[in-house]
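Residues per chain are reported as follows:
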Amino acid sequence: MTKVIAVVNQKGGVGKTTSAVNLTAALTDAGKRVLLCDFDPQANASSGLGVEKKKLRASIYDVIVNDTPAESVIQHTPYGDVLPSSADLAGATVELLELEEPSFRLKKALDSVKDQYDVIFIDCPPSLEMLTLNGLAAADAILVPVQCEYYALEGLADLMNTLRLVKKRINPQLEIFGVVLTMFDGRTNFSTQVAQEVRKHFPGKVFATVIPRNVRLAEAPSHGLPVTVYDKHSRGAVAYREITKEILKKL
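Computed from a predicted model, the values in this text were never measured in an experiment.

Draft legend 1. The arrangement of the environment of Val113 in detail. Summarising the element assignment, Val113 is placed in the loop between α6 (105-111) and β5 (119-123). Using a relative accessible area of 1% as the deciding quantity, one classes Val113 as buried. When the C-alpha atoms of Val113 and Pro69 are compared, they prove to be 9.3 Å apart, with 44 residues separating the residues in sequence.

Draft legend 2. Structural detail: the packing of aromatic side chains. One pass over the full model with this rule turns up 1 aromatic pair. Plain terms: the ring middles of Phe177 and Phe207 are 6.4 Å apart, the flat faces sit at 50 degrees to each other, and that makes the pair tilted. Here Phe177 is found in strand β7 (residues 175-182), whereas its partner Phe207 is found in the loop between α9 (189-201) and α10 (215-219), with 30 residues between them in sequence. Of the two residues, Phe177 and Phe207, both sit in the buried class. Between the NZ or CZ atom of Lys250 and the centre of the ring of Phe177, over which it lies, the distance is 5.3 Å.

Draft legend 3. Examining the pairing of β7 more closely. Across the 8 residues that make up β7, a large majority, 7, are buried. Between the parallel pair strand β6 (residues 141-147) and β7, the chain is carried across by helix α8 (residues 156-169), and the sense of this crossover is right-handed.

Draft legend 4. Expanded view of the pattern of salt bridges. Summed over all chains, the structure comprises 13 salt bridges. In this structure, the salt-bridge partner of Arg105 is Asp67, at a minimum N-O distance of 2.8 Å. Of this pair, Arg105 sits in helix α6 while Asp67 sits in the loop between α3 (60-66) and α4 (70-73), and the two are 38 residues apart along the sequence. Overall, Arg105 belongs to the buried group, its relative accessible area being 10%. For Arg216, the salt bridge is made with Glu219, and the minimal N-O distance between the two is 2.8 Å. One end of the pair is Arg216 and the other is Glu219, both in helix α10 and 3 residues apart, which spans about a single turn. Relative accessible area serves as the criterion here: at 33%, Arg216 is assigned to the partly exposed category. One salt-bridge network, held together by shared partners, links Lys16, Asp40 and Asp123.

Draft legend 5. Inspection of the packing of helix α1 (residues 16-29) against helix α12 (residues 235-250) at higher detail. Two numbers describe how α1 lies on α12: the axes approach to 9 Å, and their chain directions differ by 70 degrees. Taken as axis vectors, α1 and α12 run roughly perpendicular relative to one another. Counting all contacts with α1, which are made through Thr18, Ser19, Asn22, Leu23, Ala26 and Leu27, the residues of α12 involved are Tyr240, Ile243, Thr244, Ile247 and Leu248. By residue class, the composition of the contact of α1 with α12 is 7 nonpolar, 4 polar and no charged.

Draft legend 6. How the structure looks around helix α7 (residues 130-138). Along α7, 8 of the 9 residues are buried, which leaves the element largely enclosed by surrounding structure. Structurally, α7 contributes buried residues whose contacts are with β1 (3-7), α5 (92-96), α6, β5, β6 and α8.

Draft legend 7. Just the sheet that holds β5, in detail. In spatial order, the strands read β3-β4-β2-β5-β1-β6-β7; together these 7 strands make up an open sheet with mixed pairing. Single-partner strands in this sheet number two, and they are β3 (75-77) and β7. For this sheet, the mean angle separating the axes of adjacent strands, direction not counted, is 25 degrees. Examined bridge by bridge, β1 and β5 share 5 bridges and lie parallel to one another. Bridging across to β5, Val7 finds its partner in Asp123. Strands β6 and β7 of the sheet are contacted by α8, whose axis makes an angle of about 175 degrees with β6.

Criteria and thresholds
Residues numbered from 1 in each chain as written. Predicted model: local features only at pLDDT ≥ 70, side-chain atom pairs only at ≥ 80, totals over all residues. Heavy atoms only, no water. Helix = DSSP H or I, 4+ residues; strand = E, 2+ residues; numbered from the N terminus. Buried < 20%, exposed > 50% of the residue type's maximum accessible area, 1.4 Å probe, protein only. Phe/Tyr/Trp six-rings, centres within 6.5 Å; stacked < 30°, edge-to-face > 60°. Lys NZ or Arg CZ within 6 Å of the ring centre and 35° of its normal. Right-handed = clockwise from strand over helix to strand, strands pointing away. Salt bridge = Lys/Arg side-chain N within 4 Å of Asp/Glu carboxyl O. Axes fitted to C-alpha atoms, helices over the stretch in contact; angles between N-to-C directions. Parallel < 35°, antiparallel > 145°, perpendicular 65-115°, else oblique. Contact = heavy atoms within 4.5 Å. Nonpolar A, V, L, I, M, F, W, Y, C, P; charged D, E, K, R; others polar. Pairing = 2+ DSSP bridges.

Now the structure itself:
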């Protein structure tokens, strides 16, 4: 049975797209059929898996606004399949409001292809508006990357409130799949304190593996490669492979 996981956090720069890209690649490498739905207008997840955005004839925007079949838009890469995004998606919030069942456009699109995959990741934009609402309506569960820094827990209350509202009104089955601690710096007591605080707030939901601060993780997207391919021996690559093992157990 396909698991649809929305990667979500309204704070930017927490490792959301990095996690979506590298978990897609690592799960694909583990033999799973994985689709990454890039639902962020910045389209960084698409380029992070080597999709050349300038050559695209259609994107997820065309799927949810113009009813273009999702299957015809999917790009196949060695690291997993991608439903690519484009800058057009930035204006979709207004257009969606004029369409029937605006909160369920992404769900409808993914339902048409989900039987072909074991896991579908949705890389949501860093905000809590119509696009993210579509992601939450389409998902079975959410994966929340949390940066190990001072403001880590700020804003998570808003995300949890949104989650409760979505469960109540739109998607009763939605659950927290897991919390990923990112940008962890083991040299500081502070990162350790933040990690402890997050584990206290989400008992049993935080992955044991933490994602370290790692130069290779930052470099890999500029080469259109997941870090597990760009430098498979780097600390970042090792960490994402370890989290993948935890995800496989949960699946």
